[in-house]
Amino acid sequence: MSLLRRTQIKASLLRSLNGVEENVYQAVDEKTKTMNKKKRIVRKDGMMNISFKNISKKKRRFFSDLYTTLLDASWTFSVIMFSTSFYGSWFIFGAIYFMICYLHGDFMEENLISGGKDWIPCILQVDGFASSFLFSLETQHTIGYGSRQTTTECPLAMLVVSIQAVIGCIIQAFMVGLIFSKLSRPRNRSRTIIFSNQAVVTQRNGKLCLIMRIGDLRDDNFVLGTKVSLRMIRRKISQEGEIYQDMENLKVTPDTSSESCLFFVWPLDI
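Keep in mind that this is a model prediction, so the values were computed, not measured.

Glancing now at the side chain of S181. With respect to the helices, strands and loops of the structure, S181 is situated in helix α7 (residues 155-184). A distance of 2.9 Å separates the side chain of S181 from the side chain of Y67, its partner in a polar contact. Those residues in contact with S181 that lie beyond four places of it in its chain are Y67 and L71.

Below you can see the structure in the form of structure tokens.
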């Protein structure tokens, strides 16, 4: 075998070994990142990476604070809840109007044929469930096209109209307030505030310091009402042998406790 052939085989084997080593390093790196995500207490988006288990009446506790629960829900769930609340109220009250008119006899053939000359219906221009649904929609949102309206023939229909007006105002105020509160929450503001991928321990001014870098991608480099604080959590064992999680505050430089906002002219070293 010639020397050139041996050199080519050796180079091919080295490339293969390097490729295997790179794949191994990539696999280890991805596994390390996955483990770090699982071990992280607070994710980089500010959400807690903690799950609570074996808690009695957990769903009931969340339901008792329904507004905050909906405020923390996803936008998909909020939009579905927003649409369902309106469509559900229109459908329920439309069914009630339909039953009132049906029990009053407004949908009888002879009464529909007379056209209202010899018969006074509970609700004018209502001849089925579709028109009852439209009357419910028009009533709740005070649209009032002018053709459908209640008469004094059925006091029950008048009472249901007043109840729907009150309930419609409550639903609209609740849902609009919820959507506005979700829009005004600065949760997505953190998407343009980036942290360094790694934190380092190095010597600065003669002391060992834990240093990380934080920066803002936006042009207006003021983040109002924000303070930087660091806490170190570590597992300790008490004198009685109890294992507990100890939380210790770390000294942060620069000190932002007395400032009203953070000023990111350039990335800060914390």
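Here the focus is the state of the cysteines. For the structure shown, the criterion picks out 1 disulfide. Each sulfur in the disulfide pair C122 and C154 lies 1.7 Å from the other. In this structure the cystine formed by C122 and C154 twists about its S-S bond by roughly -45°; its chirality is therefore left-handed. Taken as a pair, C122 in the loop between α5 (109-114) and α6 (129-140) and C154 in the loop between α6 and α7 lie far apart in primary sequence, 32 residues in all. Since its relative accessible area comes to 8%, C154 is described here as buried.

Next up on the list: α6. Taking 1.5 Å per residue as the helical rise, α6 with its 12 residues ought to reach 16 Å, and the 16 Å between its terminal C-alpha atoms agrees with that figure. Within α6, the full set of buried residues consists of S131, S132, F135, S136, E138, T139 and Q140. Looking at the packing, one finds that the buried side of α6 touches α4 (75-104) and α7. Two residues or fewer after α6 comes T142, characterised by a positive phi angle close to 45°.

In this model, Q125 sits at a positive phi of 60°, which is unusual for a non-glycine residue. Inspection of the secondary structure puts Q125 in the loop between α5 and α6. Backbone geometry at N205 places phi at a positive 55°, although glycine is not the residue there. For N205, a relative accessible area of 77% puts it in the exposed group.

Strand order in this open sheet of 3 strands is β1-β4-β9, and the pairing throughout is antiparallel. Because the sheet does not close on itself, it has two edges, and the strands there are β1 (193-195) and β9 (268-269). In the sheet, β1 pairs with strand β4 (residues 213-216) via 3 bridges, with the strands oriented antiparallel. Each bridged residue has a counterpart across the sheet, and for I193 the counterpart in β4 is D216.

What follows is about the pairing of strand β7 (residues 243-250). Summarising the sheet, strand β6 (residues 230-237) and β7 pair through 8 bridges and their orientation is antiparallel. The residue of β7 that forms the bridge with I233 is M247. Counting the residues between successive antiparallel strands, the hairpin from β6 to β7 contains 5 residues, one of them, G241, with a positive phi of roughly 90°.

The rules behind these values
All residue numbers refer to position in the chain's written sequence, counted from 1. Given that this is a predicted model, residues contribute local features only at a pLDDT of at least 70 and side-chain atom pairs are listed and counted only at 80 or more, while totals for whole chains, interfaces and linings are drawn from all residues. Only hydrogens and water are set aside when side-chain values are computed; all heavy atoms of the structure are taken into account. We count a stretch as a helix when DSSP gives it H or I for four or more residues in a row; a strand needs E for two or more, and each element gets its number in order from the N terminus. Whenever a nitrogen or oxygen atom comes within 3.5 Å of another N or O atom, the pair is scored as a polar contact, on the condition that within protein one atom can donate a hydrogen and the other can accept it, and that pairs from neighbouring residues in sequence are kept only if both atoms are in side chains. In this description, contact between two residues means that some pair of their heavy atoms is separated by no more than 4.5 Å. Note on disulfides: each one is a pair of cysteine sulfur atoms within 2.5 Å. Any residue under 20% of the maximum accessible area for its type is buried, any over 50% is exposed, and the rest in between are partly exposed; the area is computed with a 1.4 Å probe on protein chains only. Take the residue count of a helix, subtract one, and multiply by 1.5 Å to get its expected span. At least two DSSP bridges between two strands are needed for those strands to be called paired.

Distances and angles like these do not, on their own, reveal function.
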